[in-house]
Structure formats: C-alpha cells, structure tokens
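Fold and contact review
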Amino acid sequence: YRRLIRALLALTLCSFLFAGVMLALQFVWGGILYESGVVYFDISAFELIFWTGAAYGILWLFERLFLGRKEEKNLCGVTADLEGKQISFHALEDNGNRLKEPFSGAPVIVCDGALAGRLSPASPERIRLIPCSTVTGDAVLEAFRPDCVRITYKGREIITKDVYIAKSKEPIRGEYEAVLNSQIID
C-alpha cells in the first residue's frame, strides 16, 4: 500500500505543479488556450524547437547534478544442499529473470557453472534441461533441484525446496556468482 500511496501523492503533486506552471505562463506570457482539457500554445515552430531543447537541457542538467544514476544491486546470500553436499554463494536478485523449469513451473537460479558443478547430483535422473533466451541468443541449461535452499535477503531468511539451480554456460564472476529469479523472494 505504501507504493500506491506514494504514487498517488506524486501524481497529485505533479498535477498541481503542472496547473500552477500553466497558470503562471498564462498570466506572464499569454497565448495559451484551454479547450476540453487540452492546452494549446500560440507559438511559432522556432519557439517550439527552442523551448523543447531548453526543457531537455534543464532536465539533463538536473539529472546529472542531483540524481546521479546510482545502480542499486539487490544481493542476497544463498546456501544450497543436495545429497549431503553444500555450496554457499552470493546471488543478484534480478527482476528481469523470469526463467522457470517448464514442467513444474519452479523458478530457476542461474549459477556459475563451475560452482553449481560442485553440487550436481550423482544420478542423471535428477537433471533437467531448461531452455532459455537471452540477449546473446537461445540456449539450453542443465539444471537440478536441490534438497534445500536458504536465501538471506534484506534481513530475512527464505527456505524453499521449490527451486532449480541451472549451470550457466558463461562464467559469472564479481560481486555475485548467480542470478536469482525475483519470484523466489516475492
């Protein structure tokens, strides 16, 4: 509900701000007509291009000075158990990752291939092939269902068995070793 209330407050604030700016322009500049909820400006094509460029420049400058595109990474700790073996790693919670095992519909954690290989099941019957599409093309990932997965995310712990771990074909290195389907955390 907090997101909804914040969105409604932002919409109301922007509406009042827009109405105030339009009213101020009407008093100062004139040449503005309101008809059936539409605002018409009596300006030349040159003025339109100039003011559009000026507005773009002001917004660009504001963004560079005050917003400074900080990328927030939602990292979580993951521990997976299978047949007495255990691995622990950091995973990036990715809202764009909607990968699921096709038969059960269980969400998939795409893990570094070498790391996931240390937990792979001994029995080939436990392995599934999961088709996926990425920006680089289509692939089929080898995956397995662990006995238990514990995820630590923003101070809470999530324990589940309804998840698959897939081996990435490309190495995943850096701050995290896996990409987590956000459905697991939700």
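Up top you'll find the structure we're talking about.
1. Digging into the side chain of T160
- With respect to the helices, strands and loops of the structure, T160 is situated in strand β9 (residues 156-160).
- According to the relative accessible area criterion, T160 is buried, its value standing at 17%.
- For T160, the side chain forms a polar contact with the main-chain nitrogen of D162, separated by 3.0 Å.

2. Thoughts on the sheet that holds strand β4 (residues 85-94)
- With mixed pairing, 9 strands are arranged side by side in an open sheet as β6-β7-β10-β5-β11-β4-β3-β8-β9. Of all strands in the sheet, those bounded by a partner on one side alone are β6 (127-134) and β9. Each strand axis lies, on average, 30° off the axis of its neighbour in the sheet, ignoring direction.
- Inspection of the sheet shows strand β5 (residues 108-111) paired to strand β11 (residues 178-181) by 3 bridges, in the antiparallel sense.

3. Description of the nonpolar core
- Core analysis: the biggest nonpolar cluster contains 23 residues, and C76, F89, I109, I151 and L180 have the highest contact counts within it.
- Contributing elements (two or more residues each) for this core: β3 (75-82), β4, β5, α3 (113-117), β8 (148-153), β11 and α4 (182-185).
- In terms of residues, this core owes the most to one element, β3, which gives 4 residues.
- Discounting chain neighbours no more than four positions away, the residues touching F89 are C76, G77, V78, I109, C111, L115, E177 and A178.
- Listed in part, the 11 residues of the second largest apolar core include L99, C132, Y164 and I172.

4. A look at the environment of V163
- Along the chain, V163 falls in the loop between β9 and β10 (164-167).
- Taking the relative accessible area as the measure of exposure, V163 reaches 1% and is therefore buried.
- On a C-alpha basis, the gap between V163 and E47 in space is 58 Å, while along the polypeptide they are 116 residues apart.
- For V163, the residues in contact, after removing those within four places along its chain, are A106, P107, I109, F144, R145, P146, V149 and I184.

5. Considerations on the environment of I158
- One can find I158 in strand β9.
- Accessibility expressed as a relative area gives 16% for I158, which makes it buried.
- Put simply, I158 and C111 are 47 residues apart on the chain and 18 Å apart in space, counted from C-alpha to C-alpha.
- For I158, the residues in contact, after removing those within four places along its chain, are V149, R150, I151, I184 and I185.

Conventions we followed
Residues numbered from 1 in each chain as written. Predicted model: local features only at pLDDT ≥ 70, side-chain atom pairs only at ≥ 80, totals over all residues. Heavy atoms only, no water. Helix = DSSP H or I, 4+ residues; strand = E, 2+ residues; numbered from the N terminus. Buried < 20%, exposed > 50% of the residue type's maximum accessible area, 1.4 Å probe, protein only. Polar contact = N/O pair within 3.5 Å; in protein donor to acceptor, adjacent residues only side chain to side chain. Pairing = 2+ DSSP bridges. Axes fitted to C-alpha atoms, helices over the stretch in contact; angles between N-to-C directions. Core = buried A, V, L, I, M, F, W, Y, C linked by side-chain atoms within 4.5 Å. Contact = heavy atoms within 4.5 Å.

Note that every value here comes from positions in space, so none of it alone points to a role or purpose.
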